[in-house]
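Architecture at a glance
The residues making up each chain are set out below.
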Amino acid sequence: MNAPVTRRNAVLGITAAATSFAVPSILRAQSAGRIVVVGGGFGGAACARALKRAQAGLQVTLIEPNKTFTSCPFSNEVIAGLREIDAQQFGYDRLAAEGVTVAAQAATAVDAQKRSVTAADGATFAYDRLVLSPGIDFHFEALPGYDDAASEKMPHAWKAGAQTLLLRRQLEAMADGGTVAIAIPANPSRCPPAPYERASLIAHYLKTNKPRSRVLILDAKDNFSQQRLFERAWKELYGDMIERIALSQGGRVTSVDPATMTIVTEFGNYTPDVANVIPPQRAGRIAEIAGVADHTGWCPIDPVTFESKLVKNIHVIGDACLGDGIPKSASAASGQGKACAAAIVALLADRAPETPRLTGVCYNTVAPGYGFLLAGNYQPKGDIFAEVEGGATSPVDAPRELRAREATEAERWFQIITADVFG
């Protein structure tokens with residue numbers, strides 16, 4: 001049993017699964033199994049590395065088209081000019097050095113009967129167990145007018161990299177006195193507090209460089225994670241620079257017109273100078289191809305083993321899975337990757353997997369030196385993950401000293417999790 005999460009230990013509690021699943025040494029000598037992992041983000045890379053460390057004889061292949069991973073956590077600071085993009089980028093050399101075969105290709109097909117994955121170059125990879133960690137894709141059909149072409153004018157910046165830099169350039173080019181609109185979708189979505197962190201850091205950039213400008217949040221939700229903490233920080237730091245229109249006030253975006261830079265909501269139209277449109281989301285495309293996504297667009301799983309409820313011998317981790325109580329976040333994905341690795345090792349040895357206990361840790365920075373924390377513990381309950389006792393959150397009325405300390409802890413958390421996953 002892991003210790004409860006507190007502000008003191010949350011920065012080190014990246015994944016309870018990291019220490020919860022001891023692998024008997026006898027397993028290391030057993031015959032090799034073939035494990036293919038698709039997706040090299042926090043979940044997939046953590047899973048591949050944990051598999052190889054747990055059982056050196058396993059044949060572990062990581063299929064990932066990008067030779068460099070660009071992290072979403074802390075990418076909002078890049079948008080606000082507080083950080084450079086190269087601080088977000090990590091390679092797979094350390095995983096390869098530990099014996100993981102890294103295939104720099106996109107996975108394009110899965111044959112569940114033959115247990116094989118086909119890559120874009122035509123290569124096939126046989127597996128005994130397949131792990132899908134494809135992250136998110138966008139549900140463009142749910143937002144008329146928005147597609148890949150539209151994102152070049154109205155960037156989502158919800159997959160870190162080129163879009164992150166595009167949004168930053170648009171902010172830099174905007175005249176003082178302009179309006180930056182952020183369209184936020186309903187849940188489930190990747191890292192639910194992140195749009196509000198983004199609004200905060202964009203407000204910081206504007207306050208510093210273009211003080212007559214403002215941020216307009218068009219929200220498909222009435223309530224959001226850590227709302228009281230964000231709203232208190234906005235009032236304290238930015239006055240009336242940030243305006244939020246909630247769902248019940250007509251804030252849900254129903255369509256966009258990139259040609260005229262128009263955002264259409266239920267109660268009115270807006271033509272901001274910069275439009276950050278975050279569309280509705282679903283599991284990455286390979287999940288649908290593999291048949292593990294259901295009508296919701298997400299992937300139902302057995303929360304003990306992460307095995308798909310729709311296709312045997314395929315496991316789904318990270319943002320793509322239906323985790324219910326557990327958030328779609330980097331720390332949760334990393335924990336799921338390690339727990340999934342432990343479950344696979346147990347299944348290959350014909351043992352019952354242990355019940356995972358995961359920790360989700362989320363730091364938000366609303367200005368340099370001003371951050372706060374939300375952390376929770378999660379365990380399987382029936383067919384879902386449910387939050388259990390031992391979580392922690394920053395108090396709303398905390399002194400600035402605590403806010404500064406938690407901003408520092410956020411930086412340390414990022415250093416720890418990226419070293420843990422990517423080396």
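Residues numbered from 1 in each chain as written. Predicted model: local features only at pLDDT ≥ 70, side-chain atom pairs only at ≥ 80, totals over all residues. Heavy atoms only, no water.

**Observations regarding the pattern of salt bridges**
By the definition in use, this model includes 19 salt bridges. One salt-bridge network, in which partners are shared between bridges, spans Arg49, Arg53 and Glu98. (Salt bridge = Lys/Arg side-chain N within 4 Å of Asp/Glu carboxyl O.)

**Considering the environment of Thr118**
Along the chain, Thr118 falls in strand β7 (residues 116-119). Sequence spacing of Thr118 and Gln105 is 13 residues, and the spatial spacing of their C-alpha atoms is 9.6 Å. The residues touching Thr118, leaving out its near neighbours within four places in the chain, are Ala106, Ala107, Thr108, Ala109, Ala123 and Thr124. (Helix = DSSP H or I, 4+ residues; strand = E, 2+ residues; numbered from the N terminus. Contact = heavy atoms within 4.5 Å.)

**Quick notes on the environment of Lys309**
Looking at where Lys309 falls in the secondary structure, it is placed in the loop between α8 (285-290) and β19 (314-316). Residue Lys309 is classed as partly exposed on the basis of its relative accessible area, which comes to 41%. Sequence-wise, Lys309 and Ala220 are 89 residues apart; in three dimensions their C-alpha atoms are separated by 30 Å. When neighbours within four sequence positions are excluded, Lys309 is seen to be in contact with Pro300, Ile301, Asp302 and Asp383. Among the polar contacts made by the side chain of Lys309, one reaches the side chain of Asp383 at a distance of 3.4 Å. (Buried < 20%, exposed > 50% of the residue type's maximum accessible area, 1.4 Å probe, protein only. Polar contact = N/O pair within 3.5 Å; in protein donor to acceptor, adjacent residues only side chain to side chain.)

**Some words on helix α6 (residues 194-209)**
Residues that lie three or four places apart on an α-helix share one face, since the helix turns once every 3.6 residues. Between its first and last C-alpha atoms α6 spans 22 Å; for 16 residues at 1.5 Å apiece the expected length is 22 Å, and the two agree. Extensive coverage of α6 is indicated by the burial of 13 of its 16 residues. (Expected span 1.5 Å × (residues − 1).)

**Some words on the nonpolar core**
In terms of nonpolar packing, the biggest core is built from 107 residues, with Val38, Leu51, Val117, Leu130, Val215, Val292 and Ile314 touching the most fellow members. In terms of nonpolar packing, the next biggest core, distinct from the first, is built from 15 residues, Met154, Val256, Met261 and Val277 among them. (Core = buried A, V, L, I, M, F, W, Y, C linked by side-chain atoms within 4.5 Å.)

**A word on the packing of aromatic side chains**
Evaluated as defined, the whole model comprises 18 aromatic pairs. Ring centres of Tyr196 and Phe224 lie 3.7 Å apart, and the angle between their planes is 10°; on these two criteria the pair is classed as stacked. In this pair, Tyr196 is assigned in helix α6 and Phe224 in the loop between β12 (214-219) and α7 (227-238), connecting sequence segments 28 residues apart. Here Tyr196 falls in the buried class, since its relative accessible area comes to 0%. For Phe224, a relative accessible area of 8% puts it in the buried group. Between Tyr363 and Trp413, the ring centres sit 6.4 Å apart and the planes meet at 45°, which makes this aromatic pair tilted. (Phe/Tyr/Trp six-rings, centres within 6.5 Å; stacked < 30°, edge-to-face > 60°.)

**A few points about the sheet that holds strand β1 (residues 34-38)**
The strands making up a sheet associate through hydrogen bonds between their backbones, and the pairing can be parallel or antiparallel. Pairing is parallel in the open sheet, where five strands are placed in the order β5-β2-β1-β9-β19. Both outer strands of the open sheet, β5 (101-103) and β19, are each paired with one neighbouring strand and no more. Averaged over neighbouring strand pairs, the angle between their axes works out to 20° when direction is ignored. Taken together, the four bridges between β1 and strand β9 (residues 129-132) define a ladder with parallel strand orientation. Its bridge partner lying in β9, Ile35 is registered against Arg129. Seen against the sheet, helix α9 (residues 330-348) touches β1, β9 and β19 and runs at an angle of roughly 170° to β9. (Pairing = 2+ DSSP bridges. Axes fitted to C-alpha atoms, helices over the stretch in contact; angles between N-to-C directions.)

**Some remarks on the environment of Gly423**
Structurally, the position occupied by Gly423 is in the segment after α10 (400-422). For Gly423, a relative accessible area of 42% corresponds to the partly exposed category. Between the C-alpha atoms of Gly423 and Glu84, which are 339 residues apart in sequence, the distance is 20 Å. Contacts of Gly423, omitting those with residues within four sequence positions, involve Arg49, Arg94 and Thr418.

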